[in-house]
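Here is what each chain is made of, one letter per residue.
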Amino acid sequence: DVQLVESGGGLVQPGGSLRLSCAASGFDVTKRYINWVRQAPGKGLVWVGVIYSGGYTYYADSVKGRFTISRDNSKNTVYLQMNSLRREDTAKYYCAREAGGDFDFWGQGTLVSVSS
Amino acid sequence: EIVLTQSPDFQSVTPKEKVTITCRASQSIGSNLHWYQQKPGQSPKLLMKYTSQSTSGVPSRFSGSGFGTDFTLTIHSLEAEDVATYYCHQSSSFNTFGQGTKLEIK
(Lines give C-alpha, C1' and ligand atoms only; values in the text may rest on other atoms or scores of the structure.)
Protein backbone atom coordinates (compact mmCIF):
# COMPACT_ATOMS: atom_id res chain seq x y z
CA ASP A 1 0.00 0.00 0.00
CA VAL A 2 1.11 3.53 -0.71
CA GLN A 3 1.91 5.49 2.40
CA LEU A 4 3.52 8.86 3.15
CA VAL A 5 4.59 9.70 6.69
CA GLU A 6 5.79 13.18 7.61
CA SER A 7 7.88 13.95 10.67
CA GLY A 8 10.16 16.62 12.05
CA GLY A 9 7.71 19.34 12.92
CA GLY A 10 7.87 21.34 16.12
CA LEU A 11 8.25 24.73 17.73
CA VAL A 12 11.02 26.97 16.40
CA GLN A 13 11.92 30.62 16.93
CA PRO A 14 11.71 33.15 14.10
CA GLY A 15 14.88 32.97 12.03
CA GLY A 16 15.44 29.36 12.96
CA SER A 17 15.61 26.20 10.87
CA LEU A 18 13.79 22.89 10.73
CA ARG A 19 13.99 19.83 8.49
CA LEU A 20 10.86 17.88 7.70
CA SER A 21 10.91 14.32 6.42
CA CYS A 22 8.45 12.50 4.20
CA ALA A 23 9.04 8.75 4.33
CA ALA A 24 7.40 6.88 1.47
CA SER A 25 6.43 3.25 1.21
CA GLY A 26 4.69 1.24 -1.47
CA PHE A 27 6.35 3.11 -4.33
CA ASP A 28 9.71 4.53 -5.40
CA VAL A 29 10.13 8.28 -4.80
CA THR A 30 12.65 8.48 -7.65
CA LYS A 31 9.90 7.57 -10.10
CA ARG A 32 7.32 10.11 -8.93
CA TYR A 33 7.01 13.83 -8.24
CA ILE A 34 6.64 14.64 -4.55
CA ASN A 35 5.08 17.93 -3.51
CA TRP A 36 4.94 19.81 -0.23
CA VAL A 37 1.72 21.63 0.64
CA ARG A 38 1.05 23.62 3.79
CA GLN A 39 -2.05 24.70 5.65
CA ALA A 40 -1.99 27.46 8.24
CA PRO A 41 -4.40 26.97 11.17
CA GLY A 42 -7.97 27.41 9.96
CA LYS A 43 -6.82 28.35 6.45
CA GLY A 44 -6.63 26.78 3.01
CA LEU A 45 -4.06 24.70 1.17
CA VAL A 46 -0.94 26.39 -0.22
CA TRP A 47 1.55 24.72 -2.52
CA VAL A 48 5.14 24.99 -1.26
CA GLY A 49 7.29 23.14 -3.78
CA VAL A 50 8.03 19.96 -5.68
CA ILE A 51 10.88 17.58 -6.43
CA TYR A 52 10.62 15.88 -9.78
CA SER A 53 11.67 12.31 -10.45
CA GLY A 54 14.79 13.64 -12.17
CA GLY A 55 15.69 15.62 -9.07
CA TYR A 56 14.77 19.11 -10.27
CA THR A 57 13.02 21.27 -7.70
CA TYR A 58 10.62 24.21 -7.93
CA TYR A 59 9.27 26.44 -5.19
CA ALA A 60 6.52 28.91 -4.46
CA ASP A 61 7.75 32.50 -4.45
CA SER A 62 6.95 32.82 -0.74
CA VAL A 63 9.59 30.21 0.20
CA LYS A 64 12.11 30.50 -2.64
CA GLY A 65 15.62 30.97 -1.31
CA ARG A 66 14.63 29.83 2.19
CA PHE A 67 13.29 26.30 1.66
CA THR A 68 15.03 23.41 -0.07
CA ILE A 69 13.58 20.06 -1.11
CA SER A 70 15.91 17.09 -1.37
CA ARG A 71 15.73 13.33 -1.51
CA ASP A 72 17.54 10.31 -0.06
CA ASN A 73 16.94 7.53 -2.56
CA SER A 74 18.34 4.85 -0.25
CA LYS A 75 15.78 5.74 2.41
CA ASN A 76 12.95 6.44 -0.06
CA THR A 77 12.49 9.73 1.79
CA VAL A 78 12.00 13.33 0.71
CA TYR A 79 13.04 16.26 2.88
CA LEU A 80 11.99 19.87 3.27
CA GLN A 81 14.76 22.00 4.75
CA MET A 82 13.29 25.23 6.07
CA ASN A 83 15.63 28.10 6.94
CA SER A 84 15.02 31.71 8.02
CA LEU A 85 11.60 30.71 9.32
CA ARG A 86 8.97 33.40 9.79
CA ARG A 87 5.81 33.48 11.89
CA GLU A 88 3.77 33.20 8.68
CA ASP A 89 5.37 29.80 7.98
CA THR A 90 3.38 28.36 10.88
CA ALA A 91 1.27 25.58 9.37
CA LYS A 92 0.71 21.88 9.01
CA TYR A 93 2.99 20.62 6.26
CA TYR A 94 1.86 17.78 4.03
CA CYS A 95 3.80 15.82 1.47
CA ALA A 96 1.76 14.55 -1.45
CA ARG A 97 2.51 12.23 -4.34
CA GLU A 98 1.78 13.62 -7.76
CA ALA A 99 0.17 11.24 -10.25
CA GLY A 100 0.71 13.34 -13.36
CA GLY A 101 -1.04 16.52 -12.25
CA ASP A 102 -3.29 15.47 -9.43
CA PHE A 103 -2.06 14.64 -5.92
CA ASP A 104 -3.29 11.11 -5.35
CA PHE A 105 -1.80 10.32 -1.95
CA TRP A 106 -1.17 12.61 1.00
CA GLY A 107 0.57 12.11 4.31
CA GLN A 108 -1.05 12.95 7.63
CA GLY A 109 0.97 16.15 7.97
CA THR A 110 3.40 17.53 10.54
CA LEU A 111 2.87 20.76 12.45
CA VAL A 112 5.39 23.59 12.38
CA SER A 113 4.98 26.48 14.79
CA VAL A 114 7.20 29.55 14.48
CA SER A 115 7.06 31.64 17.60
CA SER A 116 9.29 33.32 20.16
CA GLU B 1 0.72 32.69 -10.94
CA ILE B 2 -2.68 31.27 -11.81
CA VAL B 3 -5.29 32.28 -9.23
CA LEU B 4 -8.24 30.01 -8.50
CA THR B 5 -11.37 31.58 -7.01
CA GLN B 6 -14.02 29.32 -5.53
CA SER B 7 -17.61 30.19 -4.75
CA PRO B 8 -19.23 30.11 -2.37
CA ASP B 9 -16.76 30.29 0.52
CA PHE B 10 -19.34 28.70 2.78
CA GLN B 11 -22.69 26.99 2.31
CA SER B 12 -25.21 25.67 4.79
CA VAL B 13 -26.78 22.55 3.29
CA THR B 14 -29.47 19.96 3.96
CA PRO B 15 -29.34 16.22 3.20
CA LYS B 16 -30.50 15.29 -0.33
CA GLU B 17 -29.86 18.83 -1.54
CA LYS B 18 -28.04 19.37 -4.82
CA VAL B 19 -24.85 21.33 -4.18
CA THR B 20 -22.77 23.16 -6.77
CA ILE B 21 -19.32 24.54 -6.11
CA THR B 22 -17.60 26.62 -8.76
CA CYS B 23 -13.92 27.31 -9.39
CA ARG B 24 -12.76 30.06 -11.73
CA ALA B 25 -9.18 30.29 -13.00
CA SER B 26 -7.47 33.60 -13.78
CA GLN B 27 -6.34 32.19 -17.13
CA SER B 28 -7.13 29.13 -19.21
CA ILE B 29 -5.97 25.85 -17.70
CA GLY B 30 -7.63 23.44 -20.11
CA SER B 31 -8.89 20.49 -18.10
CA ASN B 32 -5.98 20.52 -15.61
CA LEU B 33 -8.28 21.01 -12.65
CA HIS B 34 -8.65 18.64 -9.71
CA TRP B 35 -10.92 18.55 -6.66
CA TYR B 36 -10.13 17.47 -3.08
CA GLN B 37 -12.29 16.85 -0.04
CA GLN B 38 -10.93 17.60 3.41
CA LYS B 39 -12.82 16.62 6.55
CA PRO B 40 -11.90 18.16 9.92
CA GLY B 41 -8.65 16.77 11.30
CA GLN B 42 -7.93 14.78 8.14
CA SER B 43 -5.63 15.14 5.16
CA PRO B 44 -7.09 16.19 1.82
CA LYS B 45 -8.44 13.36 -0.31
CA LEU B 46 -8.46 13.40 -4.12
CA LEU B 47 -12.04 13.40 -5.32
CA MET B 48 -11.96 14.27 -9.00
CA LYS B 49 -9.05 14.59 -11.40
CA TYR B 50 -8.78 16.34 -14.75
CA THR B 51 -12.12 18.09 -14.28
CA SER B 52 -14.43 15.10 -14.49
CA GLN B 53 -12.59 11.83 -13.74
CA SER B 54 -13.74 10.52 -10.39
CA THR B 55 -11.22 8.53 -8.39
CA SER B 56 -11.59 5.09 -6.90
CA GLY B 57 -14.20 4.83 -4.17
CA VAL B 58 -15.81 8.22 -4.80
CA PRO B 59 -19.61 7.95 -4.79
CA SER B 60 -21.40 8.50 -8.07
CA ARG B 61 -23.30 11.48 -6.62
CA PHE B 62 -20.13 13.54 -7.20
CA SER B 63 -19.49 14.88 -10.70
CA GLY B 64 -17.24 17.51 -12.26
CA SER B 65 -17.43 19.62 -15.38
CA GLY B 66 -15.86 22.58 -17.12
CA PHE B 67 -12.95 23.62 -19.33
CA GLY B 68 -10.63 26.56 -19.68
CA THR B 69 -11.44 28.95 -16.85
CA ASP B 70 -14.77 27.80 -15.37
CA PHE B 71 -15.27 24.56 -13.49
CA THR B 72 -17.96 22.99 -11.33
CA LEU B 73 -18.11 20.26 -8.73
CA THR B 74 -21.63 18.97 -8.16
CA ILE B 75 -22.96 16.80 -5.36
CA HIS B 76 -26.25 15.57 -6.76
CA SER B 77 -27.88 14.46 -3.51
CA LEU B 78 -25.87 15.49 -0.49
CA GLU B 79 -25.36 13.04 2.33
CA ALA B 80 -24.32 13.99 5.85
CA GLU B 81 -20.88 12.41 5.31
CA ASP B 82 -20.19 14.93 2.52
CA VAL B 83 -19.90 17.78 5.00
CA ALA B 84 -16.32 18.94 4.49
CA THR B 85 -14.21 21.63 2.87
CA TYR B 86 -13.66 21.25 -0.87
CA TYR B 87 -10.65 22.62 -2.74
CA CYS B 88 -9.93 22.96 -6.43
CA HIS B 89 -6.33 22.67 -7.65
CA GLN B 90 -4.75 23.53 -11.00
CA SER B 91 -1.68 21.77 -12.35
CA SER B 92 -1.47 23.58 -15.70
CA SER B 93 1.29 25.94 -14.52
CA PHE B 94 2.98 24.70 -11.36
CA ASN B 95 0.30 24.34 -8.70
CA THR B 96 -2.22 26.55 -6.97
CA PHE B 97 -5.32 25.84 -4.90
CA GLY B 98 -8.60 27.62 -4.52
CA GLN B 99 -9.40 29.13 -1.12
CA GLY B 100 -11.83 26.34 -0.27
CA THR B 101 -15.59 25.92 0.09
CA LYS B 102 -16.85 24.78 3.46
CA LEU B 103 -20.12 22.86 3.61
CA GLU B 104 -22.02 22.62 6.87
CA ILE B 105 -25.30 20.93 7.72
CA LYS B 106 -28.17 23.38 8.19
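Reference entry: report on the structure contained in this document. Since the model is a prediction, treat every value here as computed from it, not as a measurement.

What counts, and at which threshold
Residues numbered from 1 in each chain as written. Chains lettered and ligands numbered in written order. Predicted model: local features only at pLDDT ≥ 70, side-chain atom pairs only at ≥ 80, totals over all residues. Heavy atoms only, no water. Helix = DSSP H or I, 4+ residues; strand = E, 2+ residues; numbered from the N terminus. Rg over C-alpha atoms; globule rule 2.2 N^0.38 Å. Buried < 20%, exposed > 50% of the residue type's maximum accessible area, 1.4 Å probe, protein only. Pairing = 2+ DSSP bridges. Contact = heavy atoms within 4.5 Å. Buried area = accessible area lost by both parts, 1.4 Å probe. Polar contact = N/O pair within 3.5 Å; in protein donor to acceptor, adjacent residues only side chain to side chain. Nonpolar A, V, L, I, M, F, W, Y, C, P; charged D, E, K, R; others polar. Phe/Tyr/Trp six-rings, centres within 6.5 Å; stacked < 30°, edge-to-face > 60°. Lys NZ or Arg CZ within 6 Å of the ring centre and 35° of its normal. Salt bridge = Lys/Arg side-chain N within 4 Å of Asp/Glu carboxyl O. Disulfide = S-S within 2.5 Å.

**Digging into the overall build of chain A**
1) Next: Helix and strand content of chain A: 0 helices and 11 strands.
2) Next: Reading chain A from its N terminus to its C terminus gives the helix and strand order β-β-β-β-β-β-β-β-β-β-β.
3) Next: Taken over the C-alpha trace, chain A has a radius of gyration of 13 Å; the compact-globule value for 116 residues is 13 Å, and the two agree within 12%.
4) Next: In terms of overall dimensions, chain A has a C-alpha envelope of 40 × 25 × 25 Å along the principal axes.
5) Next: Looking at the 116 residues of chain A, the share that counts as buried comes to 47%.

**Comments concerning the pairing of strand β9 (residues 85-90) of chain B**
If a strand is regular, its side chains alternate between the two faces of the sheet.
All names here are of chain B.
1) Next: Along β9, 6 of the 6 residues are buried, which leaves the element largely enclosed by surrounding structure.
2) Next: Residues Thr 85, Tyr 87 and His 89 line one face of β9 and the alternating positions Tyr 86, Cys 88 and Gln 90 line the opposite face, and both faces are buried.
3) Next: Relative to β9, strand β4 (residues 33-38) runs antiparallel, the two sharing 6 bridges. Residue Gln 38 lies in a different strand from β9, and its bridge partner there is Thr 85.
4) Next: Bridge analysis of β9 against strand β11 (residues 101-105) gives 2 bridges, and the strand direction is antiparallel. Across the sheet, residue Thr 85 finds its bridge partner in β11, namely Lys 102.
5) Next: The pairing of β9 with strand β10 (residues 96-97) spans 2 bridges and is classified as antiparallel. Each bridged residue has a counterpart across the sheet, and for Gln 90 the counterpart in β10 is Thr 96.

**Describing the interface of chain A and chain B**
1) Next: If you look at the interface, chain A gives 19 residues, while chain B gives 16 residues.
2) Next: For the pairing of chain A and chain B, the buried interface totals around 1400 Å² over both sides, and the portion due to carbon and sulfur atoms is 60%.
3) Next: Considering only the side of chain A, the residues that lose the most area to chain B are Leu 45, Trp 47 and Asp 102 of chain A, jointly responsible for 40% of the buried surface there.
4) Next: For the pair chain A and chain B, the number of links is 6 residue pairs in polar contact (both at pLDDT 80 or more).
5) Next: Of all the secondary structure elements, the ones that give two or more residues to the side of chain A that touches chain B are β4 (33-39), β5 (45-51) and β10 (103-106) of chain A.
6) Next: A breakdown of the residues in the side of chain A that touches chain B according to their chemical character gives 9 nonpolar, 7 polar and 3 charged.

**A closer look at the packing of aromatic side chains**
1) Next: Scanning the entire structure with this criterion turns up 11 aromatic pairs over all chains.
2) Next: Both rings, one in Phe 103 of chain A and one in Trp 106 of chain A, keep their centres 5.9 Å apart while their planes meet at 55°; by these two values the pair is tilted. Here Phe 103 of chain A and Trp 106 of chain A have matching classes, each one buried.
3) Next: The rings of Tyr 33, Trp 47, Tyr 52 and Tyr 58 of chain A together with Phe 94 of chain B are connected pair by pair, giving a single aromatic cluster.
4) Next: Over the ring of Tyr 79 of chain A we find Arg 19 of chain A, and its NZ or CZ is 4.0 Å from the ring centre.
5) Next: Residue placement shows Arg 97 of chain A over the ring face of Phe 27 of chain A; its charged tip is 4.8 Å from the ring centre.

**Some details on the pattern of salt bridges**
Residues and elements named next belong to chain B.
1) Next: Counted according to the given criterion, the structure contains 10 salt bridges over all chains.
2) Next: The salt bridge partner of Glu 79 is Arg 61, with a shortest N-O separation of 3.5 Å. Of this pair, Glu 79 sits in the loop between β8 (70-75) and β9 while Arg 61 sits in the loop between β6 (53-54) and β7 (62-67), and the two are 18 residues apart along the sequence.
3) Next: Since its relative accessible area comes to 13%, Arg 61 is described here as buried.

**Re the side chain of Gln 37 of chain B**
Residues and elements named next belong to chain B.
1) Next: With respect to the element layout, Gln 37 can be found in strand β4.
2) Next: Residue classification places Gln 37 among the buried residues on the basis of a relative accessible area of 8%.
3) Next: When sequence neighbours within four positions are dropped, the list of residues in contact with Gln 37 reads Ser 43, Pro 44, Lys 45, Leu 47, Phe 62, Glu 81, Asp 82, Ala 84, Thr 85 and Tyr 86.

**With respect to the state of the cysteines**
Residue and element names in this part refer to chain A.
1) Next: Using the criterion set out here, one finds 2 disulfides over all chains in the structure.
2) Next: Shown here is the disulfide that connects Cys 22 with Cys 95, its sulfur atoms set 2.1 Å apart. Handedness of the Cys 22-Cys 95 disulfide follows from its S-S torsion of about 75°: it is right-handed. Within this pair, whereas Cys 22 is found in strand β3 (residues 18-25), its partner Cys 95 is found in strand β9 (residues 91-98), the two being separated by 73 residues in sequence.
3) Next: When its relative accessible area of 0% is taken as the criterion, Cys 95 is described as buried.

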